[in-house]
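Descriptive analysis of the structure
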Amino acid sequence: MNAKELEILSWKLRQDVLDIIVAGGGGHIGGDMSLMNALLVLYKNHLRVSPETADDPDRDRFVLSKGHSMETYYAVLCEMGFLALADVKARFSKFGSPYIGHPNNKLPGIEMNSGSLGHGLPVCVGMALAGKRGGKSYRVYTVMGDGELAEGSVWEGAMAASHFGLDNLCAVVDRNGLQISGPTEEVMAHEPLGERFRSFGWHVLEVDGNSIPALDASFTAAKTLPGKPTVIISHTTKGYGSELMENKADWHHHLPTAEEYEKIKADFAARKEAAEHGE
Amino acid sequence: MANNIPNRVAICETLLAHAKTDPDIFVLCSDSRGSASLTKFAEAFPAQFVEIGIAEQNLVSVAAGLASCGKKVFAASPACFLSTRSYEQAKIDVAYSNTNVTLIGISGGVSYGALGMSHHSAQDIAAMAALPNMRVYLPSDRHQTKKLIEALLLDEKPAYVRVGRNPVEDIYTEENTPFELDRAVWLRGKGEKTDVALIACGETVKPALDAATLLAADGIRASVLDLYCVKPLDRAAVAEAAGNARAVVTVEEHSPFGGLGATVAQVVSENCPRKVKNLALPDAPVVTGTSAEVFAYYGLDARGIAETAKGVLT
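Residues numbered from 1 in each chain as written. Chains lettered and ligands numbered in written order. Predicted model: local features only at pLDDT ≥ 70, side-chain atom pairs only at ≥ 80, totals over all residues. Heavy atoms only, no water.

So, the overall build of chain B
Scanning chain B from N- to C-terminus turns up 12 helices and 12 strands. Over its C-alpha atoms chain B spans a radius of gyration of 19 Å, differing by no more than 12% from the 20 Å that the globule rule assigns to 314 residues. The buried share among the 314 residues of chain B stands at 61%. Excluding contacts between residues fewer than 6 apart, the proportion of contacts in chain B whose partners are at least 24 apart in sequence is 78%. When the accessible area of chain B is evaluated, it comes to approximately 11600 Å², of which 52% is carbon and sulfur surface. (Helix = DSSP H or I, 4+ residues; strand = E, 2+ residues; numbered from the N terminus. Rg over C-alpha atoms; globule rule 2.2 N^0.38 Å. Buried < 20%, exposed > 50% of the residue type's maximum accessible area, 1.4 Å probe, protein only. Contact = heavy atoms within 4.5 Å. Areas by Shrake-Rupley, 256 points an atom, 1.4 Å probe, with all protein chains shown as cover.)

Here you go:
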């Protein structure tokens, strides 16, 4: 899918996320918005998965390590045909629903459960190692939050990934700079983040994570980097898409009021229209 | 019967035998291949062995990742670390995600005697059994250990297996090891009216069996149940043993909370109320010593079990 088509689609899916959250009465909207473009580009242009090949041993693997950004994952899985959007909207967070606020691998298209942070990368090390040892050509992807990087298990996984030379593994850090309590650099600093990953034996790509063409190019480049795993540090804006919530830590898990919903909806619509009329 | 082969060696031999024809068997260690007796596996099947280093959280998550891609994974690490340091990984990546991982807690209980509470795992049954979709097994000798591992190779569900460090006396034989997965083994008194039912798991089964012999000499009839499957508990066998007895004594190398005794007491109180005495380690750091010394000190040896049984019956 080309960049313009993806850009237009991203605004439609952001509205889906907003509707899912409002229907369910809560969700992690800030991180959903910073994650959207990376996840959309990954699924549409790079990740070799489909509902028809969901059990294919040679399929690519994805694990959402920042599992709380589930609403964006739902929107993308619906777009990819794994789930039905109307069903997700109707039942998200409702009594007895399989559509919970974190990945549930009883649902089609979801490989692993997460929710507690710091699990995705080590699990992906196992997946990538299985691929290497089994002579498979599949690739393994995960997305972590930046606040998540304070978990020690992330770095256990990072050292193992380079130790085993897992160049079939690509991790994305959704570097939106905010976590519940405030800026990551005030809560627990991660910089120089790129240097940290380099010192753990990784290729490091830094990218404007709000930019669909830039993300697309990074995922393409990551496939060609040999011998070591690659991390894409995706510099994003938490709450991206509406000024009302952009770069505001208290929108980490904020349920929009009716008034806020209308404002955000209008912002998304305007951005979608601009994308439709852009080059 | 005297034996110098630890249960952990039986695990390695079983995995070695099956890995010859099954390339999907993977063994993971956390700098623990020596203490897990898995060095032979690492040397024989390097492509099916993964050394994770001293990182138990990573050990379990990587195991889950491998399993999600079709591998039959056995992750071995000291029970003290595996059941606590990587507890959340066991909960989410193995049990909740339902991956085909068998966690092998080696040197369990007080195997590491003099190394202190950091190295004892008197909480692993309670911890692991509390996880939905996690099974908990404590085989009682090397022959049963082999049967258990062979059974676990045939299914694709999570499990936690605890074995001790040192050789334990044989209860079964090469030719005669009655075994059905998730069914307790009657060692004495099946179908008989008894005075006391002795229910044990792991390394306390042999002392319980010997206690039954001591009790018989005093004219007290005891049944003995090898309840290696603590979860899922063989409720029918427990109810039958308790129902045929006047009292029940449970024996375990574990904290008094949330282990075999607590679970058995739940079943007995619900099905056939009897007095139940739980013999266990104390709710405190245990005394320094070998397993035999520690067992004797807390009355988990044959003599102590027999004395407790007599006390319960009076």
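Some thoughts on the interface of chain B and chain A
Of the residues lining the interface, 27 residues belong to chain B; the matching set on chain A comes to 23 residues. In total, about 1900 Å² of surface goes out of reach between chain B and chain A, with carbon and sulfur atoms giving 56% of it. Taken together, chain B and chain A are joined by zero salt bridges. Contributions of two or more residues to the side of chain B that touches chain A are made by β2 (49–51), α3 (56–68) and α5 (87–96) of chain B. (Buried area = accessible area lost by both parts, 1.4 Å probe. Salt bridge = Lys/Arg side-chain N within 4 Å of Asp/Glu carboxyl O.)

Brief notes about the sheet that holds strand β8 (residues 196–200) of chain B
Hydrogen bonds between backbone atoms are what pair the strands of a sheet, whose relative direction is either parallel or antiparallel. Residue and element names in this part refer to chain B. Sheet architecture is open: five strands sit in the order β7-β9-β8-β11-β12, paired in mixed fashion. Each end of this open sheet is capped by a strand with a single partner; those strands are β7 (185–188) and β12 (275–279). Neighbour-to-neighbour, the strand axes of this sheet turn through a mean angle of 20°, independent of strand direction. With five bridges connecting them, strand β11 (residues 247–251) and β12 associate as parallel partners. Counted as the bridge partner of alanine 247 is lysine 275 from β12. Each of β7, β8 and β9 (222–226) is contacted by helix α8 (residues 205–217), which is oriented at about 160° to β8, the strand it contacts most. (Pairing = 2+ DSSP bridges. Axes fitted to C-alpha atoms, helices over the stretch in contact; angles between N-to-C directions.)

Quick notes on the confidence of the model for chain B
Per-chain confidence: chain B averages 97 in pLDDT, with 100% of residues scoring 70 or above. The ipTM, which scores confidence in the relative placement of chains, is 0.97 for this predicted complex, and the corresponding pTM is 0.97. (pLDDT = per-residue confidence, 0-100.)

Some remarks on the nonpolar core
Residues Leu169 and Phe197 of chain A together with Leu15, Leu28, Phe41, Leu103 and Leu198 of chain B are the most contacted members of the largest nonpolar core, which totals 138 residues. In terms of residue count, helix α5 (residues 120–133) of chain A provides more of this core than any other element does, eight residues in total. The residue makeup of this core includes at least three contributed by each of domain 1 (7–162) and domain 2 (185–313) of chain B. Once residues lying within four places of it in the same chain are set aside, the contact partners of phenylalanine 197 of chain A are Met144, Trp155, Ala158, Val173, Trp202, Val204 and Val231 of chain A. Among the nonpolar cores identified, the runner-up in size contains 56 residues, and Ile21, Leu39, Tyr43 and Leu64 of chain A belong to it. (Core = buried A, V, L, I, M, F, W, Y, C linked by side-chain atoms within 4.5 Å. Domains from an automatic or database assignment.)

Describing the pairing of β8 of chain B
All names here are of chain B. Counting buried residues along β8, five of its five residues qualify, which places the element largely inside the surrounding structure. In β8, alternate side chains face the same way, and those of Val196, Leu198 and Ala200 on one face and Ala197 and Ile199 on the other are all buried. Here β8 runs beside β9; their pairing, made up of five bridges, is parallel. Paired with alanine 200 across the bridge in β9 is aspartate 226. Tracing the backbone out of β8, into α8 and back to the parallel element β9 gives a crossover that is right-handed. Two elements, β8 and β11, share five bridges in a ladder whose sense is parallel. From the neighbouring strand, valine 196 faces β11, where its bridge partner is alanine 247. (Right-handed = clockwise from strand over helix to strand, strands pointing away.)

Observations regarding the packing of aromatic side chains
Using the criterion set out here, one finds 15 aromatic pairs over all chains in the structure. For the ring pair phenylalanine 197 of chain A and tryptophan 202 of chain A, a centre distance of 5.4 Å and an interplane angle of 65° mean the geometry is edge-to-face. Accessibility assignment for this pair places phenylalanine 197 of chain A and tryptophan 202 of chain A in one class, buried. When the ring of tyrosine 297 of chain B is compared with that of tyrosine 298 of chain B, the centres are 4.9 Å apart and the planes differ by 90°; the resulting orientation is edge-to-face. Classification of tyrosine 297 of chain B as exposed rests on a relative accessible area of 59%. One aromatic cluster is present, formed by Trp155, Phe197, Phe200 and Trp202 of chain A through successive ring pairs. The ring of tryptophan 11 of chain A carries arginine 14 of chain A above its face, with NZ or CZ at 5.0 Å from the centroid. (Phe/Tyr/Trp six-rings, centres within 6.5 Å; stacked < 30°, edge-to-face > 60°. Lys NZ or Arg CZ within 6 Å of the ring centre and 35° of its normal.)

Section: the sheet that holds strand β4 (residues 101–106) of chain B
Residues and elements named next belong to chain B. Spatially, the seven strands line up as an open sheet ordered β2-β1-β3-β4-β6-β5-β10, and their pairing is mixed. Looking at strand neighbours, the two that pair on one side only are β2 and β10 (229–231), the edges of this open sheet. Ignoring which end each strand starts from, the neighbouring axes of this sheet average 20° apart. Two elements, strand β5 (residues 135–137) and strand β6 (residues 159–162), share three bridges in a ladder whose sense is parallel. Residue pairing in the sheet places tyrosine 137 in a bridge with valine 161 of β6.

A closer look at the pattern of salt bridges
Evaluation of the coordinates by the stated rule reveals 32 salt bridges over all chains. Salt-bridge contacts for lysine 66 of chain A lead to aspartate 174 of chain A; the nearest nitrogen and oxygen are separated by 2.7 Å. With lysine 66 of chain A in the loop between β1 (61–64) and α3 (70–79) and aspartate 174 of chain A in strand β3 (residues 169–175), the pair connects residues that are 108 residues apart, well separated along the chain. Overall, aspartate 174 of chain A belongs to the buried group, its relative accessible area being 2%. With a closest N to O distance of 3.2 Å, arginine 33 of chain B and glutamate 51 of chain B form a salt bridge. One end of the pair, arginine 33 of chain B, is in the loop between β1 (25–29) and α2 (39–44); the other, glutamate 51 of chain B, is in strand β2, and 18 residues separate them in sequence. The class of arginine 33 of chain B is partly exposed, set by a relative accessible area of 31%.

Some thoughts on the packing of helix α6 (residues 152–163) of chain A against α3 of chain B
Where α6 of chain A meets α3 of chain B, the closest approach of the two axes is 9 Å, and the angle between their N-to-C directions is 65°. On the basis of the axis angle, α6 of chain A is roughly perpendicular to α3 of chain B. When you trace α6 of chain A past α3 of chain B, the crossing you get is right-handed. Only Glu56, Gln57 and Asn58 of chain B of α3 of chain B make contact with α6 of chain A, whose side of the interface consists of Ser153, Glu156, Gly157 and Ala160 of chain A. Classifying every residue of the contact of α6 of chain A with α3 of chain B by side-chain character gives one nonpolar, four polar and two charged. (Parallel < 35°, antiparallel > 145°, perpendicular 65-115°, else oblique. Left-handed = near helix turned anticlockwise from the far one by under 90°. Nonpolar A, V, L, I, M, F, W, Y, C, P; charged D, E, K, R; others polar.)

Some words on the side chain of arginine 59 of chain A
Residue and element names in this part refer to chain A. Relative to the helices and strands, arginine 59 is located in the loop between α2 (29–45) and β1. We classify arginine 59 as buried; its relative accessible area is 11%. Among the polar contacts made by the side chain of arginine 59, one reaches the main-chain carbonyl oxygen of aspartate 56 at a distance of 2.8 Å. Beyond its immediate sequence surroundings of up to four residues, arginine 59 is in contact with Arg48, Val49, Thr53, Ala54, Glu111 and Tyr138. (Polar contact = N/O pair within 3.5 Å; in protein donor to acceptor, adjacent residues only side chain to side chain.)

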